[in-house]
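# Architecture at a glance
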Amino acid sequence: MKWLRLALVFAFIAFVISCYEVNEEVVINEDGSGVYESRIDMSQLIELMQSFAGEEELTKNGLDRAIDTVVSMQTILDSADEATRKENAWMKDGKMFFKLNIKEKLFNIRMNIPYHTQQQLESLMEGQGTLMKNSFSGLLKSNKQPEMTPDSSEATFQDMVSLYDITLNNGLIKKEVDTAKYKQLMTRPQVSDIKQMAAQGMEMMYTTSFKLPRPVKSTGNHPLLKVSEDKRTVELRYNLLDIVNDPAKYSFTIEY
């Protein structure tokens, strides 16, 4: 399927150069299981696709028509090495949903993964950036595309997403800056560019919402956490570019 291969190439590019907005939703059940969902809007990339590939190439690869498809996480795992397959075998029931419509300038990817333990959710939230990058790479590999993994020094935005340690216990969600990761991030040459982008008012919005099994008891009066009227949903929305200036600003503790 040529259209899928080309769409994956552009999705990978979008994730590397940050042409996206992320909405992350975490449903937590009473027994510690639940569903992790990440929705990525890459519609800003449409004009780049049109100018880079050209109308003739897009038509040739079937991207001139609306695309709506689902890829199983099992397919992605099958393309990974043996160690990765074993470590992440529990993700096999997850799915990735692709929607692309050039005419309507729509390009969305949604990842939906059921989890069974709090440790699995910690892994999903801490490694969201790496998970998405590896998913694109795995699908490209399974479609016999050339290796497109960027140099580690250029993976700044993925590292920003994965900059925090997540601690989950029954009734507690805690997000803290991983100091070692932050120090490593600050050595990257791209950090100065990110700071300049933030200073110019550019945004790369990231929203996380938790749907809880019982009402919130405390958010520590965190100014950026919004609690729903029934106190069962907590949301944090911020500009990911700001993390390079003050990552602790987006740490939090939620008790429920």
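Criteria and thresholds
- Residues numbered from 1 in each chain as written.
- Predicted model: local features only at pLDDT ≥ 70, side-chain atom pairs only at ≥ 80, totals over all residues.
- Heavy atoms only, no water.
- Salt bridge = Lys/Arg side-chain N within 4 Å of Asp/Glu carboxyl O.
- Helix = DSSP H or I, 4+ residues; strand = E, 2+ residues; numbered from the N terminus.
- Buried < 20%, exposed > 50% of the residue type's maximum accessible area, 1.4 Å probe, protein only.
- 1 Å grid on protein atoms, 1.4 Å probe; cavity = no way out; pocket = protein on both sides within 12 Å on 5 of 7 lines; lining within 4 Å.
- Points joined across faces, edges and corners; volume = space filled by probe spheres on them.
- Nonpolar A, V, L, I, M, F, W, Y, C, P; charged D, E, K, R; others polar.
- Pairing = 2+ DSSP bridges.
- Axes fitted to C-alpha atoms, helices over the stretch in contact; angles between N-to-C directions.
- Phe/Tyr/Trp six-rings, centres within 6.5 Å; stacked < 30°, edge-to-face > 60°.

Looking at an unreviewed UniProt entry, one finds the protein named Intein and attributed to Pseudobacter ginsenosidimutans.

Using the criterion set out here, one finds seven salt bridges in the structure. Here E30 ties to R214 by a salt bridge, and the two come within 2.4 Å at their closest N and O atoms. In this pair, E30 is assigned in the loop between β1 (21-28) and β2 (34-41) and R214 in the loop between β8 (205-211) and β9 (225-227), connecting sequence segments 184 residues apart. For the salt bridge of K92 with D93, the shortest nitrogen-to-oxygen distance reads 3.4 Å. On the accessibility criterion, K92 (41% relative accessible area) is partly exposed. Because the salt bridges share partners, they merge into one network encompassing E37, R39 and R110.

A word on empty space enclosed by the protein. All told, the structure shown has three cavities of 30 Å³ or more when counted by the stated rule. Of the voids in this model, the largest cavity is the one considered here, and its volume is about 130 Å³. Taken together, 13 residues form the lining of the largest cavity, with E24, M125, V161, K175 and Y206 sitting closest to its centre. Mapped by element, the contributors of at least two residues to the lining of the largest cavity are β6 (164-169) and β8. Looking at the lining of the largest cavity element by element, the count peaks at three residues for β8. Taken together, the residues of the lining of the largest cavity sort by class into nine nonpolar, two polar and two charged.

Take the sheet that holds β8 next. The strand order β3-β4-β5-β2-β1-β8-β10-β9 describes an open sheet built from eight strands, whose pairing is mixed. On the outer flanks of this sheet lie β3 (67-72) and β9, each paired with one strand and no other. Across the sheet, the mean angle from the axis of one strand to that of its neighbour is 15°, orientation sign disregarded. Bridge count for strand β4 (residues 95-101) against strand β5 (residues 106-115) is seven bridges, and the pairing is antiparallel.

Now for the packing of aromatic side chains. If you walk through the whole model with that rule in mind, you get three aromatic pairs. With centroids separated by 5.8 Å and ring planes inclined at 35°, the aromatic side chains of Y206 and Y238 adopt a geometry described as tilted. Of this pair, Y206 sits in strand β8 while Y238 sits in strand β10 (residues 233-239), and the two are 32 residues apart along the sequence. Taken as a pair, Y206 and Y238 share a single burial class, namely buried. With centroids separated by 6.0 Å and ring planes inclined at 70°, the aromatic side chains of F210 and F252 adopt a geometry described as edge-to-face. Of this pair, F210 sits in strand β8 while F252 sits in strand β11 (residues 252-255); the two residues are 42 residues apart in sequence, bridging distant segments of the chain.

Attention shifts here to the sheet that holds β6. Hydrogen bonds between backbone groups are what pair the strands of a sheet, and the pairing can be parallel or antiparallel. Read across the open sheet, the three strands follow the order β6-β7-β11; overall the sheet is antiparallel. Two strands in the sheet have a free side with no partner beyond their single neighbour: β6 and β11. The average undirected angle you get between the axes of adjacent strands in this sheet is 10°.

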